Amino acid sequence: LCVLAAPAEAQTYPTRSITMIVPFAAGGPTDVVARIVTAHMAQTLGQSIIIENVVGAGGTTATTRAARAANDGYTLIAGHMGTHAASVPLYPKLAYHPEKDFEPVALLAGTPILILARKDFPPKDLREFVTYVKANAEKVNAAHVGSVSHASCELLHSILDIKPVGVPFNGTGPAMNALVAGQVDYMCDQIVNAVPQINAGTIKAYAIATAERNPSLPSVPTTAEAGLPAFQAQAWNAMFAPKGTSPAIVASLNAAAIKALDDETVRKRLLELGSVIPGPKDRTPEALATLVKNEIAKWSPVLKPAT
Ligand code: MLT
């Protein structure tokens, strides 16, 4: 009988609202994906999920807070390729370890990276962009957040062998506003943030850094088609709980996340924004743990400390 009985906490969890920390500004890609998925999860779990945007230090301030939070299932973090992989080489004094201090819960979305520019940035296409930024590397600037946007453009800059000025923001939501307003020249950003602005014609998209074009942006060429095949980058959004959160709670959150990813309205919204919805084998906590390990190994040799 004992083996059949589930732990009491899993039978009752959650009994109150859950906080999901988003480590970047509201309105950016991490925030948007987290809000779409948690709105559905809250229905499944029968409790509200409150989004708390905590900005600073490329998402590492919030992620440190989440690592130190009570491991009772009531504080979660919307981590991503930046906070849970690129942060390791970018921030040598990182106060948490993505693998040791968290329980992976679920992968929520893959988010291809695009090279974007203000509408009146002179280059017309990616070939011209490459020539222009190489010739004007002292003058041009790139918006970034010290996380995915930074890591992606660092990869681009290392391929082009240039070191333009970086303009820091606390999220690519505000960075996108600056791009639309023409206050910064270009940025490497996740598709979720870019689709609405590209469709509204308020910014330029030179290329998407994936092998295939994205159905949400059929006219945007791949980097290979546009002449820069070496630049390949896709980020991902996920959900983590502090280390030691019980397996039963992690399982219940994972099941609610999967239910959200299978919901027609949630899928439609994520796909409209260009996200790649994880397939069945990528949805387990174990698969997310492997992704984190592989992504740390992938980005560590590529990135230098951000400071
Ligand atoms: C955001 O949500 O603002 C972005 O994910 C930040 C980034 O990693 O560049």
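Our structure's up above, just so we're on the same page.
Residues numbered from 1 in each chain as written. Predicted model: local features only at pLDDT ≥ 70, side-chain atom pairs only at ≥ 80, totals over all residues. Heavy atoms only, no water.

Participant: Quick rundown of the overall build of the chain? Include the residues and the values.
Facilitator: Along the chain, the regular secondary structure elements total eleven helices and nine strands. Whereas a compact globule of 307 residues would reach a radius of gyration of roughly 19 Å, the chain reaches 19 Å, a difference of no more than 12%. Counting only C-alpha atoms and orienting by the principal axes, one finds that the chain spans roughly 70 × 40 × 30 Å. Every one of the 307 residues in the chain was classed for burial, and the buried ones make up 55%. A fraction of 78% describes how many contacts in the chain between residues 6 or more apart in sequence connect residues 24 or more apart. When the accessible area of the chain is evaluated, it comes to approximately 12,900 Å², of which 56% is carbon and sulfur surface. Considering the chain, the positive charge centre built from 25 side chains and the negative charge centre built from 24 side chains are found 3 Å apart. (Helix = DSSP H or I, 4+ residues; strand = E, 2+ residues; numbered from the N terminus. Rg over C-alpha atoms; globule rule 2.2 N^0.38 Å. Buried < 20%, exposed > 50% of the residue type's maximum accessible area, 1.4 Å probe, protein only. Contact = heavy atoms within 4.5 Å. Areas by Shrake-Rupley, 256 points an atom, 1.4 Å probe, with all protein chains shown as cover. Lys, Arg positive; Asp, Glu negative; His and termini not counted. Charge placed at Lys NZ, Arg CZ, Asp CG, Glu CD.)

Participant: Outline the layout of surface pockets, supporting the account with residue identities and numerical values.
Facilitator: Counted as a void, the largest pocket has a volume near 420 Å³. Of all the elements in the fold, those that place two or more residues in the lining of the largest pocket are strand 5 (141–144), helix 6 (148–160) and strand 6 (165–168). In terms of residue count, helix 6 provides more of the lining of the largest pocket than any other element does, five residues in total. In terms of residue class, the lining of the largest pocket is built from nine nonpolar, five polar and four charged. When its volume is computed, the second largest pocket comes out at roughly 230 Å³. Along the walls of the second largest pocket sit 13 residues, with L107, Q234, W236, D282 and L291 positioned nearest its centre. When contributions to the lining of the second largest pocket are tallied by element, the ones reaching two or more residues are strand 4 (102–118), strand 9 (234–242) and helix 11 (285–299). Examining the composition of the lining of the second largest pocket, we find that four residues originate from one element, helix 11, more than from any other. (1 Å grid on protein atoms, 1.4 Å probe; cavity = no way out; pocket = protein on both sides within 12 Å on 5 of 7 lines; lining within 4 Å. Points joined across faces, edges and corners; volume = space filled by probe spheres on them. Nonpolar A, V, L, I, M, F, W, Y, C, P; charged D, E, K, R; others polar.)

Participant: Please give an account of the site of the ligand that cites residues and values.
Facilitator: Around the ligand, the structure places F24, P29, T30, H80, V145, S147, V148, S149, G171, T172 and Q190. In this structure, an oxygen atom belonging to the ligand sits 2.8 Å away from a main-chain N or O atom of V148. Between Q190 and the ligand, the recorded distance is 2.8 Å, taken from a side-chain N or O atom to an oxygen atom. According to the grid-proximity analysis, the pocket containing the ligand is the largest cavity. Among the secondary structure elements, those contributing two or more residues to the shell around the ligand are helix 2 (29–45) and helix 6. Among the residues making up the shell around the ligand, the classes are represented as four nonpolar, seven polar and no charged. (Near = heavy atom within 4 Å. Polar contact = N/O pair within 3.5 Å; in protein donor to acceptor, adjacent residues only side chain to side chain. Sits in = over half its atoms within 2 Å of the grid points.)

Participant: Now, about the side chain of H144: what can you tell me, with residues and values included?
Facilitator: Looking at where H144 falls in the secondary structure, it is placed in strand 5. In this structure the side chain of H144 is engaged in a polar contact, spanning 2.9 Å, whose partner is the backbone nitrogen of G146. Ignoring any residue separated from it by four or fewer positions in sequence, one finds H144 in contact with S149, H150, G166, V167, P168 and F169.

Participant: Describe the packing of helix 7 (residues 172–180) against helix 8 (residues 191–200), listing the residues and the values that go with them.
Facilitator: One can describe the packing of helix 7 onto helix 8 by two numbers: an axis separation of 10 Å at closest approach and a directional angle of 25°. In terms of orientation, helix 7 lies roughly parallel with respect to helix 8. Considering the relative orientation of helix 7 and helix 8, their crossing is right-handed. Of helix 8, the residues touching helix 7 (which contributes T172, G173, M176 and V180) are N193, A194 and Q197. Residues of the contact of helix 7 with helix 8, tallied by class, amount to three nonpolar, four polar and no charged. (Axes fitted to C-alpha atoms, helices over the stretch in contact; angles between N-to-C directions. Parallel < 35°, antiparallel > 145°, perpendicular 65-115°, else oblique. Left-handed = near helix turned anticlockwise from the far one by under 90°.)

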